[in-house]
Protein chains: 2
Amino acid sequence: MSSDLAVEPTRRRLSKRQADTVRRLTEAAIEELRDVGYTGLTMRNVATRSGVAAATAYTYFSSKNHLITEVFWRQLRELPQVPADQGLVVERVVKVLRDIALLVAGEPEVAAACTAALLGDDPDVAHLRERIGAEWHRRLDAALGDASDPDVLNALEIALGGALIHAGLGYCSYERMADLLESSARLILGGRA
Amino acid sequence: MSSDLAVEPTRRRLSKRQADTVRRLTEAAIEELRDVGYTGLTMRNVATRSGVAAATAYTYFSSKNHLITEVFWRQLRELPQVPADQGLVVERVVKVLRDIALLVAGEPEVAAACTAALLGDDPDVAHLRERIGAEWHRRLDAALGDASDPDVLNALEIALGGALIHAGLGYCSYERMADLLESSARLILGGRA
DNA sequence: GTAGTGTCTAGACACATGTCTAGTGACCTT
DNA sequence: AAGGTCACTAGACATGTGTCTAGACACTAC
């Protein structure tokens, strides 16, 4: 798919061969999630699907949750930035939120699994969680531009997390969730531009 | 500590003896979560702590996630209703949100575990999830009273879920989360009373 | 008291996770 | 071409999950 993302370390700097192994593992994980979901996914099956030994998978990912969270993180990273200098603030914010919400909307199984994996307690998951949170923050802050305000930013971050959970919990579809999220954002931004 | 909640069925109507077993299991689960958290909790340990065989625990709870979700549900049920006819709408809403947010704030380990368990995919968890979602909806709707509006209600539900997740993910403490939630609610309710 | 129903126990089971170790083999460098 | 390093393999291991079965035990009714 893209970029130097394939060379980005999961645990350390990677050689070409290693990067390839990691890529095969994350791709196999996505297929596996599509087929059998979070609970059905096993590290052994992902490894086999990648043509790799199970022990090798654990060399790069400390846990099942870590592997799945890495999938989510890579998808978020591949998402293009929203230009910060065009259109109304509210429209820019709505676009950022919709982009993230719909990132995985086409694959609800994958999305739900990522949400669950994000809550894992291993240190590698915690680290990715921070990066993901920071990325959300950064994108929303950029979209707000001069209009940025801590309370508004927090409210938007909370809304984003809430929307993903609501969809992940099965309360609604990801498409509907994106609409609800947009509606929330407009209420939060209220009078402001 | 209360009510006929102890007789409420988890899988079917319960005899006194059964209700007692279930109560011992949920109480042991809370203690276990406090001590060792979600990952550290094992059904066998909870069973032992309750003075019950493991197989018995599985008679009442189809999975670890089901047991923990039941804990969350029972705590939510025990939370007193906010009177719907006093004070400003916004203050009533804020109180409902704060109550739920702080429900388990004293026990972050328990709260985080519940959030994770809620995402489980077994049918018993799905069922409780619906009841929990409905309960949130009901309480917020009541607080809004005549001011109730589908968009506002959705935004508040999303904010509530988001806040729990943010705290569960460790982005902030539950106390701080309650404050952010309040601030979000005020933005969402905006001009409205 | 004795039988019968319903609850619980003990322990084996298949399967998953995550760790570890000894050993294989490909790719450098010289 | 030989040697060394790095990535990977194969498989055992301890531990947890969730299921199952045979049997123990208590409480009720007769």
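The numbering scheme is per chain: residues are counted from 1 as the chain's sequence reads. Just so you know, chain letters begin at A and ligand numbers begin at 1, following the order they were written in. In keeping with the model being predicted, local features are shown solely for residues with a pLDDT of at least 70 and side-chain atom pairs are shown and tallied solely at 80 or more, while totals for entire chains, interfaces and linings include all residues.

## Here we look at the overall build of chain A
Line of reasoning, step 1. Each helix corresponds to a stretch of at least 4 residues labelled H or I by DSSP, and each strand to a stretch of at least 2 residues labelled E; elements are numbered beginning at the N terminus. Of regular secondary structure, chain A possesses nine helices and zero strands.
Line of reasoning, step 2. Only the C-alpha atoms count toward the radius of gyration. The rule for a globule is 2.2 Å times the residue count to the power 0.38. Taking 2.2 N^0.38 as the reference for a compact globule, 193 residues should give roughly 16 Å; the C-alpha atoms of chain A span a radius of gyration of 17 Å, in line with that estimate.
Line of reasoning, step 3. In terms of overall dimensions, chain A has a C-alpha envelope of 55 × 35 × 30 Å along the principal axes.
Line of reasoning, step 4. Looking at chain A as a whole, 44% of its 193 residues are labelled buried.
Line of reasoning, step 5. Contact definition: two residues whose C-beta atoms, as placed from backbone geometry, lie within 7 Å. The long-range fraction of contacts in chain A, counting pairs at least 24 apart against all pairs at least 6 apart in sequence, stands at 69%. In this scheme the burial state of a residue depends on its C-beta neighbours within 10 Å: 20 or more other such atoms mean buried, 12 or fewer mean exposed, and anything in between means partly exposed; the C-beta positions come from the backbone.

## Overview of the interface of chain B and chain A
Line of reasoning, step 1. Each partner contributes to the interface: chain B provides 33 residues, whereas chain A provides 33 residues.
Line of reasoning, step 2. In the side of chain B that touches chain A, the residues fall into 17 nonpolar, 13 polar and three charged. Under this grouping Gly is polar, as are all residues other than the nonpolar Ala, Val, Leu, Ile, Met, Phe, Trp, Tyr, Cys and Pro and the charged Asp, Glu, Lys and Arg.

## Some details on the protein's contact with DNA strand D
Line of reasoning, step 1. We call a residue near a molecule or strand when its C-beta atom, built from the backbone, sits within 6 Å of it. The local shell around DNA strand D holds 17 residues, among which A:Thr21, A:Ala53, A:Thr56, B:Ala55 and B:Ser63 are the closest.
Line of reasoning, step 2. Elements with a contribution of two residues or more to the surface near DNA strand D: α1 (16-40) and α3 (54-60) of chain A together with α2 (43-50) and α3 (54-60) of chain B.
Line of reasoning, step 3. A class-by-class count of the residues in the surface near DNA strand D yields six nonpolar, eight polar and three charged.

## Some words on the relation of the copies chain B and chain A
Line of reasoning, step 1. The copies were overlaid by least squares, fitting only the C-alpha atoms of residues that reach a pLDDT of 70 or more in each copy. With an RMSD of 0.0 Å, chain B superimposes on chain A once it is rotated by 180° and translated 0.0 Å along the axis. The two molecules are tied by a two-fold rotation axis, judged by turn and shift. Among all residues of chain B, the minimum C-alpha distance to the rotation axis is found for B:Gly162, at 1.6 Å.
Line of reasoning, step 2. Mapped onto chain A, 100% of the interface residues of chain B again fall at the interface, so both copies present the same surface.

## Quick notes on the nonpolar core
Line of reasoning, step 1. In this description, a nonpolar core means buried residues of the types Ala, Val, Leu, Ile, Met, Phe, Trp, Tyr and Cys, linked to one another by C-beta atoms lying within 7 Å. A:Ala159 and B:Ala159 are the most contacted members of the largest nonpolar core, which totals 119 residues.
Line of reasoning, step 2. Apart from residues lying up to four places away in sequence, A:Ala159 is in contact with A:Leu181, A:Ser184, A:Ala185, A:Ile188, B:Ile158, B:Ala159 and B:Gly162.

## Focus on the environment of B:Gly161
Line of reasoning, step 1. With respect to the helices and strands, B:Gly161 occurs in helix α8 (residues 150-168).
Line of reasoning, step 2. As a C-alpha pair, B:Gly161 and B:Leu181 span 20 residues in sequence and 10.0 Å in three-dimensional space.

## As for the packing of α1(A) against helix α6 (residues 108-118) of chain A
Residue and element names in this part refer to chain A.
Line of reasoning, step 1. Only the stretch in contact is used when a helix axis is fitted, and all axes are lines through C-alpha atoms; the angle between N-to-C directions ranges over 0 to 180 degrees. The geometry of α1 relative to α6 is characterised by a closest axis approach of 8 Å and an angle of 85° between their N-to-C directions. Of the possible angle classes, the one that applies to α1 and α6 is roughly perpendicular. Facing α1, whose interface residues are Ile 30, Leu 33, Arg 34, Gly 37 and Tyr 38, α6 presents Glu 109, Val 110, Ala 112, Ala 113 and Ala 116.
Line of reasoning, step 2. Each residue belonging to the contact of α1 with α6 can be placed in one class, and the counts come to seven nonpolar, one polar and two charged. Any angle that falls under 35 degrees is termed roughly parallel, while one over 145 is termed roughly antiparallel, one within 65 to 115 roughly perpendicular, and all others oblique.

## Describing the packing of α6(A) against helix α8 (residues 150-168) of chain A
Residue and element names in this part refer to chain A.
Line of reasoning, step 1. Here α6 crosses α8 at 120°, and the two axes come no closer than 9 Å. By the angle class used here, α6 and α8 are oblique. In this structure, α6 crosses over α8, and the sense of that crossing is left-handed. Residues Ala 111, Ala 112 and Thr 115 of α6 lie in contact with α8, whose contacting residues are Leu 164, Ile 165, Ala 167 and Gly 168. Handedness of a helix crossing follows the sense of rotation of the near helix relative to the far helix, less than a right angle counterclockwise being left-handed and clockwise being right-handed.

## Notes on the domain arrangement of chain A
All names here are of chain A.
Line of reasoning, step 1. Domain boundaries shown here were taken from an automatic or database domain assignment. Taken domain by domain, chain A comprises domain 1 (4-64) and domain 2 (74-189).
Line of reasoning, step 2. Taking the mean C-alpha position of each, domain 1 and domain 2 sit 25 Å from one another.
Line of reasoning, step 3. With nine residues of domain 1 in contact, the opposing surface of domain 2 contributes twelve residues.
Line of reasoning, step 4. Residue classes in the side of domain 1 that touches domain 2 are distributed as four nonpolar, four polar and one charged.

## Points about helix α5 (residues 89-102) of chain B
Residues and elements named next belong to chain B.
Line of reasoning, step 1. The span one expects for a helix is its residue count, reduced by one, times 1.5 Å. Spanning 14 residues, α5 covers 20 Å between terminal C-alpha atoms, matching the ideal 20 Å at 1.5 Å per step.
Line of reasoning, step 2. Looking at α5, one finds that the buried residues are Arg 92, Val 93, Val 94, Val 96, Leu 97, Ile 100 and Ala 101.
Line of reasoning, step 3. Close packing links the buried residues of α5 with α7 (123-144), α8 and α9 (174-189).

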